[in-house]
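This is what each chain is made of:
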Amino acid sequence: MNILILGSGGREHSLAWAVLQNPKCDRLIVAPGNAGIDQIADCASLDVDNPSAVCDFAVENLIDFVIVGPEAPLAAGVVDMLRNAGILVFGPTQAAAQLEASKTFTKEVCDAAGAPTAAWTRFTEAAPARDYVREKGAPVVVKADGLAAGKGVVVAMTDGDALAAIDHMFDGAFGAAGAEVVIEEFMEGEEASFFVLCDGDTCLPIGTAQDHKRAYDGDEGPNTGGMGAYSPAPVLTDAIAQAALDQIIRPTMAEMKRRGTPYTGVLYAGLMIHDGKPRLVEYNARFGDPECQVLMMRLGGQALDLMLACAEGRLADAQVNWANDHALTVVMAAQGYPGGYEKGSAIAGLDALPETSSQMVFHAGTTARDGQITATGGRVLNVTARGATLQEARDQAYAMASHIEWPEGFFRTDIGWRAL
Ligand code: AMP
Ligand code: GLY
């Protein structure tokens, strides 16, 4: 079959890599892709947030199956338009993607579903939000309602930080995304990510992972999109994962169906685990980045069968063939990220690294210029390895990273510390 993947990050490189291992894939196009993806698939320039452009492209290129990587095309309604055109697609509709796109929507759905999550209150003006913080006191979590590129959440440990966050959001820092603000109870515990395929009726877990959001070693420094990940996440034991399915994910899916907007695609549940019990932090309507890279390394070619079963409503008959393995990915980012950084520096040493089913460098912000890989983004490479133990995966990933010559980049040296 002819497959189109939308996106340009490390997530999409790992999706492409896994899909190409499955003999069902005859032709793969990734739009827009990056320099690493270009080495394994056809890349096409396309405005992926424009549903009719995506639909026209899919028709012209005889695409049988579309896999949507990032959240923006989902929120723009790309899945709806492809479905209306009769094209099979992996991802939720615009209405179902509200589970990521709107915090208040998710909170309402969780309350209706009885899913455990932080207590919350919504505000449309600064003054009552400020009064609420003064009354409740820190710590609290202040969130812009809409999509804010991962920057719309402030975990405020002091009243002053909370009040500043409220003013910042109502002053228009996130545009329309901050017109409504949610203030939440601060939840203590350890965070982990749980990935579940949903076809509207059936939920099939496909792995757990833990991300590292802070820029520097020891979980210091500013929040980022994620500096590394590993799978599985031992904190999400089988019992806790089952509790999350029974108490949080299945009730949420049932509520989405009851509303007439069944959820289809991968549901990424960010969980807070405390005293052996999971509570929901947030949902995302897509794979995590870099969590996808470790999931794809563990699933390999069966990932395509699972995504197809999901899109065709056949998850009740699908199963995951697990190997007893571990995967770990180290993100190499441009110095300065997540703040300002230079673009255009050259990266050497990649050609000498073996690419196998258990060792891959997935590209994120890269471009090829005159045969030279150059850095063009904040997060640039995902050095990923699989092993019989997490330690083995980690040693392998760091050994690979040591061969990459990129003085303008940096990476964390402690990915996996919690589990090790
Ligand atoms: P979100 O975008 O909702 O995932 O929030 C980003 C990060 O903020 C999460 O990954 C958590 O680390 C933290 N966070 C969000 N909500 C809470 C909460 N209610 N209690 C504690 N930490 C939170
Ligand atoms: N790594 C976090 C995310 O993809 O949202």
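Throughout what follows, the structure given in this document is the object of discussion.

Each value, and the rule that gives it
Residues numbered from 1 in each chain as written. Chains lettered and ligands numbered in written order. Predicted model: local features only at pLDDT ≥ 70, side-chain atom pairs only at ≥ 80, totals over all residues. Heavy atoms only, no water. Near = heavy atom within 4 Å. Polar contact = N/O pair within 3.5 Å; in protein donor to acceptor, adjacent residues only side chain to side chain. Areas by Shrake-Rupley, 256 points an atom, 1.4 Å probe, with all protein chains shown as cover. Nonpolar A, V, L, I, M, F, W, Y, C, P; charged D, E, K, R; others polar. Phe/Tyr/Trp six-rings, centres within 6.5 Å; stacked < 30°, edge-to-face > 60°. Helix = DSSP H or I, 4+ residues; strand = E, 2+ residues; numbered from the N terminus. Buried < 20%, exposed > 50% of the residue type's maximum accessible area, 1.4 Å probe, protein only. Pairing = 2+ DSSP bridges. Contact = heavy atoms within 4.5 Å. Axes fitted to C-alpha atoms, helices over the stretch in contact; angles between N-to-C directions. Salt bridge = Lys/Arg side-chain N within 4 Å of Asp/Glu carboxyl O.

Considerations on the site of ligand 2
Right, on to step 1. Taken together, Asp 211, Gly 225, Tyr 268, Arg 286, Gly 288, Asp 289, Pro 290 and Glu 291 make up the full set of residues adjacent to ligand 2.
Right, on to step 2. At 2.8 Å from a nitrogen atom of ligand 2 is found a side-chain nitrogen or oxygen belonging to Asp 211.
Right, on to step 3. Contact distances for ligand 2 include 2.9 Å between an oxygen atom and a side-chain N or O atom of Arg 286.
Right, on to step 4. When ligand 2 sits alone it has 200 Å² of accessible area, and the protein chains cover 85% of it.
Right, on to step 5. Its residues assigned to classes, the shell around ligand 2 comprises two nonpolar, two polar and four charged.

Quick word on the packing of aromatic side chains
Right, on to step 1. Here the structure, examined in full by the defined rule, presents seven aromatic pairs.
Right, on to step 2. Note on Tyr 398 and Phe 411: the rings are 6.0 Å apart at their centroids and 40 degrees apart in plane angle, and the pair reads as tilted. Note that Tyr 398 is positioned in helix H13 (residues 390-401) and Phe 411 in the segment after strand S23 (409-410), a separation of 13 residues in sequence.
Right, on to step 3. Taking relative accessible area as the criterion, Tyr 398 reaches 17% and is therefore assigned buried.
Right, on to step 4. An aromatic cluster of at least three residues, connected via ring pairs, comprises Phe 90, Phe 195, Tyr 268 and Phe 287.

Looking at the sheet that holds strand S4 (residues 65-68)
Right, on to step 1. What the five strands build is an open sheet, ordered S3-S2-S1-S4-S5; its pairing is parallel. Across the chains shown, the open sheet's two edge strands, defined by having one partner strand only, are strand S3 (42-43) and strand S5 (88-90).
Right, on to step 2. Pairing of strand S1 (residues 2-7) with S4, which is carried by four bridges, proceeds in the parallel orientation. By the bridge assignment, Leu 4 is partnered in S4 with Val 66.
Right, on to step 3. Here helix H1 (residues 10-19) sits on the sheet and contacts S1, strand S2 (27-32) and S4; the angle it forms with S1, its principal contact strand, is near 165 degrees.
Right, on to step 4. The strands touched by helix H12 (residues 302-311) within the sheet are S1, S4 and S5, with S5 carrying the most contacts at an inclination of about 115 degrees.

Some remarks on the pattern of salt bridges
Where charged atoms from two side chains of opposite charge come close, those side chains can pair.
Right, on to step 1. Scanning the model with the defined rule gives 21 salt bridges in all.
Right, on to step 2. A salt bridge links Asp 325 to Arg 298; the shortest N-O distance between them is 2.9 Å. With a gap of 27 residues between them, Asp 325 in the loop between H12 and strand S17 (326-334) and Arg 298 in helix H11 (residues 291-299) connect regions that are remote in the sequence. Here Asp 325 and Arg 298 have matching classes, each one buried.

Overview of the site of ligand 1
Right, on to step 1. Taken together, 15 residues are adjacent to ligand 1, and Glu 184, Glu 185, Met 187, Glu 191 and Glu 282 come closest.
Right, on to step 2. Lys 103 places a side-chain nitrogen or oxygen 3.3 Å from an oxygen atom of ligand 1.
Right, on to step 3. Glu 185 has a polar backbone atom sitting 2.9 Å from a nitrogen atom of ligand 1.
Right, on to step 4. Protein chains shield 87% of the accessible area of ligand 1, which is 470 Å² for the free molecule.
Right, on to step 5. Counting only elements with at least two residues in the shell around ligand 1, the list comes to strand S7 (140-144), strand S8 (153-156), strand S9 (181-185) and strand S16 (277-284).

Things to note about the pairing of strand S15 (residues 264-274)
For a regular strand, side chains alternate in direction, first toward one face of the sheet and then toward the other.
Right, on to step 1. With ten of eleven residues buried, S15 is to be regarded as a mostly interior element.
Right, on to step 2. In the sheet, strand S10 (residues 190-199) pairs with S15 via ten bridges, with the strands oriented antiparallel. Opposite Ala 192, over in S15, you have Leu 271 as the bridge partner.
Right, on to step 3. Here S15 runs beside S16; their pairing, made up of seven bridges, is antiparallel.

Describing the side chain of Thr 93
Right, on to step 1. Position of Thr 93 among the secondary structure elements: in the loop between S5 and helix H6 (98-101).
Right, on to step 2. According to the relative accessible area criterion, Thr 93 is buried, its value standing at 15%.
Right, on to step 3. Excluding anything up to four places from it in sequence, Thr 93 contacts Val 79, Asp 80 and Arg 83.

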